[in-house]
Amino acid sequence: MDVALLVQVVLNGLMLGALYACIAVGFSLVWGVLNIINMLHGSLIVLAGYLTCSLWTEAHIHPFASLIPVGLVIGVGAAVLQFVLINRVVQQPVLTTLTLTFGLDMILYNLMNSVFDATPRRVTLDLGRVTLGEVVLPWDRIAAMLVALALTALLYGILRGSRLGRAIVAVRMDREAASLMGIRVPRIYALTFGLGAFMAGVCGALLSIVYPITTNATGQLLGKAFIVCVVGGLGTVPGALVGGLALGVTESLGSHWFGPQAAALLGFALMLALLVVRPTGLLGRKGYE
Amino acid sequence: MASHWRRIGIGLWLLGVAAAPLSGDNYVIKIATFVAFYGALALSWNFIGGYAGYPSFATAAFVGLGSYAGALCQNAGVPMVLSWGLAAGVTAIAAAALGFVVLRLRGHYFAIGSIALVEILSLIASWWSGLTGGGEGLNVTILPGGPVFIARFFLYAMLAIVVLALVATVLVERGRLGFGLRCIAQNEDAAEMVGVPTTLYKVLAFVLSGVFCGAAGAAYASWVAYIAPTDAFSILLTVKVPVMVLLGGPGTVFGPLLGSSALVLLEETVWARFLEFHQAILGAVIVALIFFLPGGLLGLAGRVRKSA
């Protein structure tokens, strides 16, 4: 096989993988800290993408300018939702919490379809491209990848360095002990959920620059978050990064060799195999659930 | 719930569904068939989700597998009812094999793994277009005999599957398997320690939760005479069925029947008028169920009786 083509496919996979990592890092945070599988994640991404597109077409606000505000709107909304509603059942078994977030997802999905519609839309920036020999990299994809990586790094920094981040990690490790140390656990839960949704929001904004975005994709996006979380390991930012890049490259190569449907199948098969062989993921630690 | 109340409830339910043709209205018969279809699925889910306490979202995987297996058998010339039986067998074998893999997982990982089964089978069905017709779907031979006969035939076929699932539920509940599964639901490690063969029992529960779904899926495929990957392996279905059981009362015999018929009837009477907000209303029902009816309708009946 042609080397330049292979390099192109792998680079495409890495650019896609950075976005996957960004999608999964918020999902993984919520799962790791709140012990909730947030079925809303895919819809939050699409909602942010829709908002970004609307701001671009209606008000000519550049996606890179609306990125953070859109993320904040989604994050604050989600934090309120967590504080008012989900916190009440956060201790319940997974069947309850998953079903609840699925119910909320159905409401949001339906509202998005009636306020907007399911027509795919994207922000076309046309920033030109870089050509390295036979390898072609569009600037909008490079920019989306870099912003995704920067935001993932920012989240890592918040978790490692800030008081809020240390409190989140403390709650994840031992809820009771954290509560005894004076951390207000319900508030941390709400902030964590908000932070996860913020990451979903910025991802949606970035995705809308690179791919057409539609409400029909909510399930697929959620599926990517599942896979990355399981492959990379739960509750760690580096895990989500490794898992995201691994999935991006796997899908890109799989799609090149066997076609796009087989690539999606490959992702899920990889996840199921890893779940069985190594449920803690590539970078996960045992007992970190 | 006292056992005579339970028997009366189940008897009334079966009579009500069986009496639908008396109305002479094909729409009523169709609703009753749906009530029976979902009743069978809810009873099936109850084995793994209710008794064993495993948060399974694999229902659509079994339904889809059964409908494809049944449709393919039927199109290959196997008589219809026999092909449903074959579909149930295929689903049972697949459930045993897949169960052996995913039942090693617990809690959140099991939930995700079971959703992955639905996704994987759905992707295979759209990918393997030589066998399944891919995304365009598969036509199934239509039963001759005219619409009135067909409507009644499939109503009683679904009802027969419900009765089989009910018999299985009662047998499991009274036997060692039911006792073992309830132990697993409470504390799997302790159950293992006192000698409950946990792996075997979990796989059995998974097979039971698959086999009737497979039969019902195959019957459904013959009824509507057309299946496609997105309908057969619908994520909505896979969540709706556990919701029905939660609505009725998990881990009971009558709860799944009560919950599934309540949701189907609610769907048809109330929110068929708001088609555009169909999903949002179902979502709101789910949210309300979790906050206001944590023990399901049967739990509510128990609470009312206690306070009276």
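Calculation rules
Residues numbered from 1 in each chain as written. Chains lettered and ligands numbered in written order. Predicted model: local features only at pLDDT ≥ 70, side-chain atom pairs only at ≥ 80, totals over all residues. Helix = DSSP H or I, 4+ residues; strand = E, 2+ residues; numbered from the N terminus. Rg over C-alpha atoms; globule rule 2.2 N^0.38 Å. Buried ≥ 20, exposed ≤ 12 C-beta atoms within 10 Å, placed from the backbone. Contact = placed C-beta atoms within 7 Å. Nonpolar A, V, L, I, M, F, W, Y, C, P; charged D, E, K, R; others polar. Expected span 1.5 Å × (residues − 1). Core = buried A, V, L, I, M, F, W, Y, C linked by C-beta atoms within 7 Å. pLDDT = per-residue confidence, 0-100.

Draft legend 1. Spotlight on the overall build of chain A. Of the regular secondary structure elements, chain A holds 11 helices and two strands. N-terminal to C-terminal, the α/β element order of chain A is α-α-α-α-β-β-α-α-α-α-α-α-α. Scaling as 2.2 N^0.38, a compact globule of 289 residues should have a C-alpha radius of gyration of about 19 Å, and chain A matches this with 19 Å. Referenced to the eigenvectors of the C-alpha coordinate spread, the extents of chain A come out at roughly 60 × 45 × 35 Å. Every one of the 289 residues in chain A was classed for burial, and the buried ones make up 53%. Excluding contacts between residues fewer than 6 apart, the proportion of contacts in chain A whose partners are at least 24 apart in sequence is 79%.

Draft legend 2. View of the interface of chain A and chain B. With 35 residues of chain A at the contact, the number on the chain B side is 34 residues. Secondary-structure elements contributing two or more residues to the side of chain A that touches chain B are helix H4 (94–115), helix H9 (218–232) and helix H11 (260–277) of chain A. Looking at which element gives the most residues to the side of chain A that touches chain B, the answer is H4(A), with 15 residues. Here the side of chain A that touches chain B is composed, by residue class, of 26 nonpolar, eight polar and one charged.

Draft legend 3. View of helix H5 (residues 139–161) of chain A. All names here are of chain A. In this model H5 runs 32 Å from its N-terminal to its C-terminal C-alpha over 23 residues, within 8% of the 33 Å that 1.5 Å per residue would give. Within H5, the full set of buried residues consists of Asp140, Arg141, Ala144, Met145, Val147, Ala148, Leu151, Thr152, Leu155 and Leu159. Summarising the contacts, the buried residues of H5 are in contact with helix H1 (3–34), strand E2 (135–138), helix H6 (163–173), helix H8 (185–210) and helix H10 (237–258).

Draft legend 4. Spatial organisation of the nonpolar core. Counting 214 residues, the largest nonpolar core has A:Leu206, B:Met158 and B:Ala216 as its most contacted members. The element contributing the most residues to this core is H8(A), with 17 residues. With sequence-adjacent residues up to four places away left out, B:Ala216 is seen in contact with B:Phe37, B:Ala40, B:Leu41, B:Val63, B:Gly66, B:Met158 and B:Ile161.

Draft legend 5. Spotlight on H9(A). With 15 residues, H9(A) ought to run about 21 Å at 1.5 Å a step, and its terminal C-alpha atoms sit 21 Å apart, in line with that. Most of H9(A) is tucked away: 13 of the 15 residues are buried.

Draft legend 6. Here's a closer look at the confidence of the model for chain A. Chain-level pLDDT for chain A is 88 on average; 96% of the residues reach the 70-or-more range. Confidence scores differ between elements of chain A, with strand E1 (residues 129–132) of chain A showing the lowest mean pLDDT of 82 and H8(A) the highest of 94.

Draft legend 7. Broad picture of the environment of B:Phe233. All names here are of chain B. Examined against the element boundaries, Phe233 turns out to sit in the loop between helix H11 (229–232) and helix H12 (235–248). When the C-alpha atoms of Phe233 and Leu117 are compared, they prove to be 9.7 Å apart, with 116 residues separating the residues in sequence. Contact partners of Phe233, with chain neighbours within four places excluded, come to Ala60, Ala61, Gly64, Val118, Leu121, Ser122 and Ala125.

Draft legend 8. Focus on the confidence of the model for chain B. Confidence along chain B averages 89 in pLDDT terms, with 97% of residues attaining 70 or more. Reported confidence for the predicted complex is 0.88 by ipTM and 0.89 by pTM.

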